[in-house]
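Topology and contacts: notes
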Amino acid sequence: ARYGYERGNITTEAFYARVSEAVAAEGLDRETFTRAWCEGFTLNRETLELVKEVKAAGYAVAILSDANPAHTEFIKRNFPEVAAIKPYYRSNEIGAMKSDGSAAFDIVCERLDAGPEEILFIDDKPENVNNATMQGLVFTGAPALREGLAAAGILAHSAERIAQSGDRQTAD
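The sections below set out a description of the structure shown in this document. If you're wondering where the values come from, they're calculated on a predicted model, not measured in any experiment.

With that settled, consider the overall build of the protein chain. Counting secondary structure elements, the protein chain contains 11 helices and 4 strands. Relative to all contacts within the protein chain whose residues are 6 or more apart in sequence, the contacts with residues 24 or more apart total 52%. Accessible surface computed for the protein chain: about 10,400 Å², of which carbon and sulfur atoms make up 50%.

What follows is the structure, given as structure tokens:
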């Protein structure tokens, strides 16, 4: 049911009913279920700052997310700075997930009117990066992402950035 929900094949009501039935959760109200379903989301401010730096460097930024309507609403309510990044492609709206081979990536390329060679895809799951039709980086944290973006020529390396800003680091 989950993947059908995230591909947009079933409604939130149908998903909630199927899950409630599957776990014999009689009396589980939808609000409690939705809160539990979304509670794992947190905002990684360091990564959001990198996104801002990439945009400030003149690069376009887009999001491709394996999302469902409940997650989408949660993100809009709780992380408006993420929801404001446009374009924002959600699996339930494009009908394909990142794990569906190249389908989601092909749709994004088409909608961005860009070839896969023009896109750098970043994801925390190596299998999604492997499915991508464009070059990719596996996200393991903001510091490693900064170095990957620097290696791709998008942002300065950490040491270069410190030198450019005039900041000094001292050893204790």
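Attention shifts here to helix α5 (residues 69–78). Those residues of α5 not exposed but buried are Ala70, His71, Thr72, Phe74 and Ile75. Between a side-chain oxygen at the N-terminus of α5 and the backbone nitrogen of Ala70 the separation is 3.1 Å; the capping residue is Asn68.

In this structure the tally under the stated criterion is 8 salt bridges. Here Glu49 and Lys52 are joined by a salt bridge, their closest N and O atoms 3.4 Å apart. Of this pair, Glu49 and Lys52 both sit in helix α4 (residues 45–56), 3 residues apart, which is roughly one turn of that helix. In this structure Lys52 comes out as partly exposed when scored by relative accessible area, which is 44%.

Along the chain, Asn44 turns up in the loop between α3 (30–38) and α4. Assessed through its relative accessible area of 36%, Asn44 is described here as partly exposed. Counting along the chain gives 98 residues from Asn44 to Ala142, while the straight-line C-alpha distance between them is 8.5 Å. Within the local environment of Asn44, its side chain forms a polar contact with the backbone nitrogen of Glu46, the two atoms lying 3.3 Å apart. Within the local environment of Asn44, its side chain forms a polar contact with the backbone nitrogen of Thr47, the two atoms lying 3.0 Å apart.

Rules used in this analysis
Residues numbered from 1 in each chain as written. Predicted model: local features only at pLDDT ≥ 70, side-chain atom pairs only at ≥ 80, totals over all residues. Heavy atoms only, no water. Helix = DSSP H or I, 4+ residues; strand = E, 2+ residues; numbered from the N terminus. Contact = heavy atoms within 4.5 Å. Areas by Shrake-Rupley, 256 points an atom, 1.4 Å probe, with all protein chains shown as cover. Buried < 20%, exposed > 50% of the residue type's maximum accessible area, 1.4 Å probe, protein only. Polar contact = N/O pair within 3.5 Å; in protein donor to acceptor, adjacent residues only side chain to side chain. Salt bridge = Lys/Arg side-chain N within 4 Å of Asp/Glu carboxyl O.

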